Amino acid sequence: MTVTQELAEILADVERPGDYYVAGRAEFLAPLIDVDGVGVIALPLLPAQAKQLIKAATRAPFGRGSETVVDTKIRRTWQIEASRVAIGGKHWLQTINGIVARAAEGLGVAGPVTAELYKLLVYDKGSFFVSHRDTEKAPGMFATLVVALPSQSEGGELIVQHKDRKARLDLHTGEPSEIAFAAFYADCTHEVLPVTTGCRATLVFNLVREGKGRAPEPPSYEAETERVASLLGAWAQTKDEADNRDHIGNAADDVASPEKIVYLLEHAYTPAELAFETLKGADAAIARLLTAAAPRAACDLHLALLTVWESGSAEYTGRENWHYRRGRRDAGEEEHSAEFEVIEVLDDARSLSEWRRPDGAPTALGTLPIVDEEVSPTTALDNMEPDEEHFREATGNEGASFDRTYARAALVIWPSSRILAVLNQAGLEATLPYLEGLLDKWQVAGPKKGLEHKQQALELAGHMIAAWPEHSWYGRESAEPSYLGRMLSLLARLGDLAPVEAILDKLVSRQGHDKADNAAILEVVALFPHDRAAETLRKIVAAHAVDALGSCGALLAGALNGAFANKPALLFGVARALVDYLPGDPASAPKDQWGRSRGVKPDATFVGDLVGVVDRVDVGLAKHAAAHILAWPQHFGLDRVLVPAATRLLQERRHGGAAFDALRNACVTHLETRIAEPLEAPRNWTRPSAIGCECQHCSALSGFLADAGRENWTLRAAQQIRTHVENEIRRASADVDTETLRKGSPHSLICTKNQASYNRRVTQRKQDLADITVIHHGLSSIGSE
């Protein structure tokens with residue numbers, strides 16, 4: 001049996017709510033209180049009337065054995081008998097009955113309960129009553145109710161104790177429209193602390209249950225509390241032992257041992273109502289039991305709001321509803337709605353929020369997910385009625401659908417030592433900032449004083465790495481580091497090798513990484529000796545080069561310009577791995593699971609990085625890399641890749657070496673050959689014709705392009721023919737502008753020759769001259785150095 005099932009089984013016996021005391025405040029419309037010898041009392045109690053009450057009162061005695069004695073060292077209080085006090089007024093009965101009902105519910109007493117006035121007590125400055133226990137003053141009495149009238153006073157707190165539990169209650173209220181009350185079982189010991197300022201008057205009532213039978217007693221779930229504490233303690237110990245056995249990044253997921261327990265409550269509560277002190281019925285009893293048991297088991301307890309969202313497919317039932325809406329604007333307006341039913345839930349999400357602590361202290365917990373294994377009772381989420389449900393009718397190709405939400409209050413428990421594991425369930429969006437905060441605290445406090453923060457950071461990092469998403473890499477066009485990059489930077493700050501090694505294993509297992517993460521990768525590998533750092537970089541490049549060629553090239557360049565600036569030869573294995581994965585023969589290219597060639601097109605930036613590295617690492621490798629690049633122009637085009645790479649290297653003064661010389665010479669030959677070609681504007685209307693299609697209409701287009709005397713050609717044809725011809729013109733980059741003349745039927749395609757090819761060659765010539773100037777200038781700079 002799982003811990004969630006065992007807990008539900010124990011708590012199923014907790015049905016009666018209530019506690020040994022209850023306290024609160026109530027709205028108060030001042031009653032008419034008439035005291036013999038004093039008259040009507042004004043509220044809040046005035047000092048002058050307080051003196052009159054004391055003058056009319058007697059010292060309150062207390063029971064000592066079989067005697068009733070007065071001893072101001074034990075009890076310093078004034079009393080007026082109930083027979084001398086008359087209470088009336090329009091609202092008094094409603095007020096006192098409401099207080100009695102709240103007291104009975106708080107004490108867990110069912111059945112009719114009445115309040116009998118016992119005495120009016122007056123506490124002036126210095127008044128008190130030491131710890132004592134009330135005696136039964138009336139048949140059926142089971143508890144005492146104290147109602148403190150509004151007054152300007154301080155101190156005088158009421159201390160109530162039952163067995164090993166104690167509560168301190170403040171009954172002071174200076175607000176005229178409010179009274180404070182407290183009720184407690186007669187067998188509870190209680191005391192009144194000294195009043196420090198002012199004077200206070202309280203009405204004391206005996207709470208009496210009508211009928212025969214055993215007098216009510218405080219609900220006692222000590223046996224259940226012990227069982228729950230033992231169960232939670234064993235669960236917490238199991239979690240800690242498992243955590244100690246697991247190596248970082250390899251924590252085991254034990255289905256029978258959930259990370260937290262989510263115990264769902266019976267009653268509904270809004271976020272405004274959600275608090276331990278406002279729980280109702282059995283919910284309150286269970287909360288009190290768990291509040292007592294959790295600390296004994298070294299567990300944390302919170303109250304939270306569970307929200308469940310579901311969406312999916314729906315179906316129209318065929319039934320329709322017509323009804324009339326009535327209102328100021330639409331009186332008598334007929335409204336129609338169709339009925340749907342849920343077919344299948346296709347997506348859902350469950351989360352906990354609106355956290356509350358038993359002591360009312362604030363908590364920084366955000367939104368946490370839950371899983372089925374954490375729910376107790378295990379069937380608590382079954383057959384819930386949604387708070388909101390919306391259906392959408394079918395549109396276009398999409399069928400009818402629905403979405404709905406549920407909200408339930410829940411008591412959430414986890415081992416105190418596992419708080420970081422629980423926080424980890426919120427995901428990287430929450431844990432990365434939290435980890436950063438721990439590192440900030442550690443570094444501000446210093447190595448010794450901040451050791452606890454460092455240990456917490458290590459623990460959290462372990463949980464994060466163990467739960468790190470296993471999905472494959474996909475390229476991002478972002479200048480900001482990914483979650484992985486941010487984690488690497490934080491681990492570099494932490495400086496511990498164990499989590500670094502674990503996260504690097506995660507990195508290598510993916511098919512690539514973002515260029516924006518390179519700085520973070522170099523930060524963590526810098527924690528290793530140079531030879532180990534180089535081997536780590538080689539593993540990353542070998543695993544990522546096919547799909548993240550540019551990122552790997554930039555990574556290698558960054559390493560060479562950083563930690564390996566004075567030891568370039570150590571990067572030979574890394575550079576060799578990168579060269580080995582250069583794209584070449586498509587037949588031997590790596591394939592994905594669908595048989596498609598993997599890999600990305602290299603660009604000028606990558607070639608610049610590669611050439612800059614191999615020329616510094618090894619001459620033989622540099623020659624090999626250059627030969628491969630020049631052998632595969634379909635991957636390394638001169639105009640698209642090599643010329644921009646060469647000019648960039650020269651402009652950045654990263655030149656010189658076997659690879660650069662080979663590429664530079666190829667670029668110079670290419671540019672000089674094209675510059676030497678004649679450049680002349682067309683002398684007539686003949687234009688190059690590379691139309692691949694030989695259909696009737698495209699053959700006419702080819703004839704038009706070859707005709708030296710024709711500038712325009714009109715094709716009157718159906719739309720699909722006109723579209724086909726336009727596509728062939730674009731595909732061949734023919735020197736033709738097109739326009740559709742929408743007159744008559746069918747419409748006409750007007751084709752007009754231009755000199756786009758010549759203009760492109762003019763633009764290219766300007767670029768070639770600029771590039772050759774950069775290259776020649778760069779060469780002269782080399783010669784002058």
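Residues numbered from 1 in each chain as written. Predicted model: local features only at pLDDT ≥ 70, side-chain atom pairs only at ≥ 80, totals over all residues. Heavy atoms only, no water.

Novice: Can you explain the overall build of the chain? Please cite residues and give values.
Specialist: Per the secondary structure count, the chain includes 21 helices and 29 strands. Taken against the 2.2 N^0.38 rule, which gives 28 Å for 785 residues, the C-alpha radius of gyration of the chain at 42 Å runs more than 25% over that of a compact globule. Here the C-alpha coordinates of the chain stretch approximately 130 × 75 × 55 Å along the principal axes. Here the chain holds 785 residues, and 43% of them are scored as buried. In the chain, 76% of the contacts between residues at least 6 apart in sequence involve partners at least 24 apart. With an accessible surface of roughly 40000 Å², the chain has 50% of that area assigned to carbon and sulfur atoms. Measuring between centres, the 84 positive side-chain charges of the chain sit 5 Å from its 107 negative side-chain charges. (Helix = DSSP H or I, 4+ residues; strand = E, 2+ residues; numbered from the N terminus. Rg over C-alpha atoms; globule rule 2.2 N^0.38 Å. Buried < 20%, exposed > 50% of the residue type's maximum accessible area, 1.4 Å probe, protein only. Contact = heavy atoms within 4.5 Å. Areas by Shrake-Rupley, 256 points an atom, 1.4 Å probe, with all protein chains shown as cover. Lys, Arg positive; Asp, Glu negative; His and termini not counted. Charge placed at Lys NZ, Arg CZ, Asp CG, Glu CD.)

Novice: Pulling in residues and values, what's your account of the side chain of Asn424?
Specialist: Within the secondary structure, Asn424 is located in helix H6 (residues 419-424). On the basis of relative accessible area, Asn424 is assigned to the buried category, the value being 12%. Not counting chain neighbours up to four residues away, the residues in contact with Asn424 comprise Thr431, His463, Met464 and Ala467.

Novice: Report on the pairing of strand S19 (residues 200-209), specifying residues and quantitative values.
Specialist: By the criterion of burial, S19 is predominantly enclosed, with 9 of the 10 residues buried. Looking at chain direction, strand S10 (residues 113-123) and S19 are connected through 10 bridges and run antiparallel. Bridge pairing in S19 links Tyr123 to Arg200. Across 7 bridges, the pairing between strand S12 (residues 141-148) and S19 is antiparallel. Residue pairing in the sheet places Thr144 in a bridge with Asn206 of S19. (Pairing = 2+ DSSP bridges.)

Novice: Before we move on, could you go through the environment of Leu303 and cite the residues and values that matter?
Specialist: Note that Leu303 resides in strand S21 (residues 299-325). Taking the C-alpha atoms as reference, Leu303 lies 54 Å from Phe564; in sequence the two are 261 residues apart. Those residues in contact with Leu303 that sit more than four places away from it in its chain are Leu265, Leu274, Ala275, Phe276, Leu279, Glu354, Trp355, Arg356, Ala410 and Leu411.

Novice: Give me helix H15 (residues 604-617): which residues, what numbers.
Specialist: In this model H15 runs 20 Å from its N-terminal to its C-terminal C-alpha over 14 residues, within 8% of the 20 Å that 1.5 Å per residue would give. Residues of H15 that are buried include every one of Ala604, Phe606, Val607, Gly608, Asp609, Leu610, Val611, Gly612, Val613, Val614, Asp615 and Val617, and no others. Against the buried residues of H15 lie helix H13 (549-560), helix H14 (572-580), helix H16 (619-631), helix H17 (638-651) and helix H18 (658-676). (Expected span 1.5 Å × (residues − 1).)

Novice: Requested: an account of the pattern of salt bridges, with residues and values cited.
Specialist: All chains considered together, the criterion is met by 31 salt bridges. Between Asp768 and Arg674 there is a salt bridge, with its nearest N and O atoms 2.7 Å apart. In this pair, Asp768 is assigned in helix H21 (residues 756-784) and Arg674 in helix H18, connecting sequence segments 94 residues apart. One exposure class covers both Asp768 and Arg674, and it is buried. Where salt bridges share partners, they join Asp19, Arg165 and Arg288 into one cluster. (Salt bridge = Lys/Arg side-chain N within 4 Å of Asp/Glu carboxyl O.)

Novice: Describe in detail the layout of surface pockets, supporting the description with residues and values.
Specialist: Vacant regions in the atomic arrangement are exposed by a probe of water-molecule size rolled over the atoms. Taken as a whole, the largest pocket spans an internal volume of roughly 1400 Å³. Along the wall of the largest pocket there are 42 residues; nearest its centre are Gly18, Asp19, Tyr21, Arg165 and Arg288. Going through the elements one at a time, strand S1 (21-27), helix H3 (92-107), strand S15 (165-169), helix H4 (222-245) and helix H5 (281-296) are the ones with two or more residues in the lining of the largest pocket. Counting residues per element, the lining of the largest pocket draws most heavily on H5, which supplies 9 residues. Residue composition of the lining of the largest pocket, grouped by class: 19 nonpolar, 8 polar and 15 charged. (1 Å grid on protein atoms, 1.4 Å probe; cavity = no way out; pocket = protein on both sides within 12 Å on 5 of 7 lines; lining within 4 Å. Points joined across faces, edges and corners; volume = space filled by probe spheres on them. Nonpolar A, V, L, I, M, F, W, Y, C, P; charged D, E, K, R; others polar.)

Novice: Tell me about the environment of Thr536, and name the residues and values.
Specialist: With respect to the element layout, Thr536 can be found in helix H12 (residues 530-544). The class of Thr536 is buried, set by a relative accessible area of 12%. It is 78 Å that separates the C-alpha atoms of Thr536 and Leu207, two residues lying 329 residues apart in sequence. Dropping the residues within four chain positions of it, Thr536 is found in contact with Leu504, Val525 and Phe528.

Novice: Got a sec to walk through the packing of aromatic side chains? Specific residues and values, please.
Specialist: Evaluated as defined, the whole model comprises 5 aromatic pairs. On the numbers, 6.0 Å between centres and 50 degrees between planes, the contact of Phe142 with Tyr185 is tilted. With Phe142 in strand S12 and Tyr185 in strand S16 (residues 178-185), this residue pair connects regions lying 43 residues apart in the sequence. By relative accessible area, Tyr185 is classed as buried at 1%. The ring of Tyr118 has Lys137 sitting right over it, with the charged end atom 5.0 Å from the ring centre. One cation-aromatic arrangement involves Lys753 over Phe704; the distance from NZ or CZ to the ring centre is 4.5 Å. (Phe/Tyr/Trp six-rings, centres within 6.5 Å; stacked < 30°, edge-to-face > 60°. Lys NZ or Arg CZ within 6 Å of the ring centre and 35° of its normal.)

Novice: Which residues make up the sheet that holds S10, and what are the values?
Specialist: Taken in spatial order, the 7 strands line up as S1-S16-S12-S19-S10-S8-S4 in an open sheet, and their pairing is antiparallel. Unpaired on one side and paired on the other, S1 and strand S4 (58-59) mark the two borders of the sheet. Contacts from helix H2 (residues 47-56) reach S4, strand S8 (78-81) and S10, with the element oriented near 100 degrees to S10. Packed onto the sheet, H3 meets S1, S10, S12, S16 and S19 and runs at close to 150 degrees relative to S1. (Axes fitted to C-alpha atoms, helices over the stretch in contact; angles between N-to-C directions.)

Novice: Hey, could you go over the pairing of S10 for me, with residue numbers and the actual values?
Specialist: Across 4 bridges, S8 lies against S10 in antiparallel orientation. Paired with Gln79 across the bridge in S10 is Leu121.

Novice: Can you break down the packing of helix H7 (residues 428-445) against helix H9 (residues 483-494) residue by residue, with the values?
Specialist: Here H7 crosses H9 at 20 degrees, and the two axes come no closer than 10 Å. For the element pair H7 / H9, the angle class is roughly parallel. For the element pair H7 and H9, the recorded crossing hand is left-handed. Facing H7, whose interface residues are Leu428, Glu429, Leu432, Pro433, Leu435, Glu436, Leu439, Asp440, Trp442 and Gln443, H9 presents Tyr483, Arg486, Met487, Leu490, Arg493 and Leu494. Looking at the contact of H7 with H9, its residues break down into 10 nonpolar, 1 polar and 5 charged. (Parallel < 35°, antiparallel > 145°, perpendicular 65-115°, else oblique. Left-handed = near helix turned anticlockwise from the far one by under 90°.)

Novice: Break down helix H11 (residues 518-525) for me, with residues and values.
Specialist: All buried positions along H11 are accounted for by Asn518, Ala520, Ile521, Val524 and Val525. Relative to the axis of H11, the buried residues are bounded by an arc of 160 degrees and lie together on one face. (Arc of directions from axis to C-beta.)

Novice: Give me the sheet that holds strand S28 (residues 736-741): which residues, what numbers.
Specialist: Across the sheet, which stays open at both edges, the 3 strands sit in the order S27-S29-S28 with antiparallel pairing between neighbours. Unpaired on one side and paired on the other, strand S27 (712-716) and S28 mark the two borders of the sheet. With direction set aside, neighbouring strand axes in the sheet form an average angle of 20 degrees. Against the sheet, helix H19 (residues 696-706) touches S27, S28 and strand S29 (748-753), its axis set at about 170 degrees to S27. Together, S27, S28 and S29 form the strand contacts of helix H20 (residues 719-731), whose direction differs from that of S29 by roughly 20 degrees.

Novice: Can you lay out the nonpolar core for me, pointing to particular residues and giving the numbers?
Specialist: Among the nonpolar cores identified, the biggest contains 100 residues, and Met487, Leu537, Leu571, Leu578, Val607 and Val614 are the most heavily contacted of them. For this core, the element with the most residues is H15, which contributes 8 residues. Val122, Ala180, Cys188 and Val192 belong to the second largest nonpolar core, which has 61 residues in total. (Core = buried A, V, L, I, M, F, W, Y, C linked by side-chain atoms within 4.5 Å.)

Novice: How would you explain the confidence of the model for the chain if you had to name every residue and give the values?
Specialist: Of the residues in the chain, 93% have a pLDDT of 70 or more, and the chain-wide mean is 89. Taken as a whole, residues 247-255 scores under 50 in pLDDT and shows 13 contacts with residues more than four places along the chain or in a different chain. Predicted confidence is poor over residues 322-332, with pLDDT under 50, and the contacts of this stretch with residues over four places away or in other chains come to 17 contacts. (pLDDT = per-residue confidence, 0-100.)

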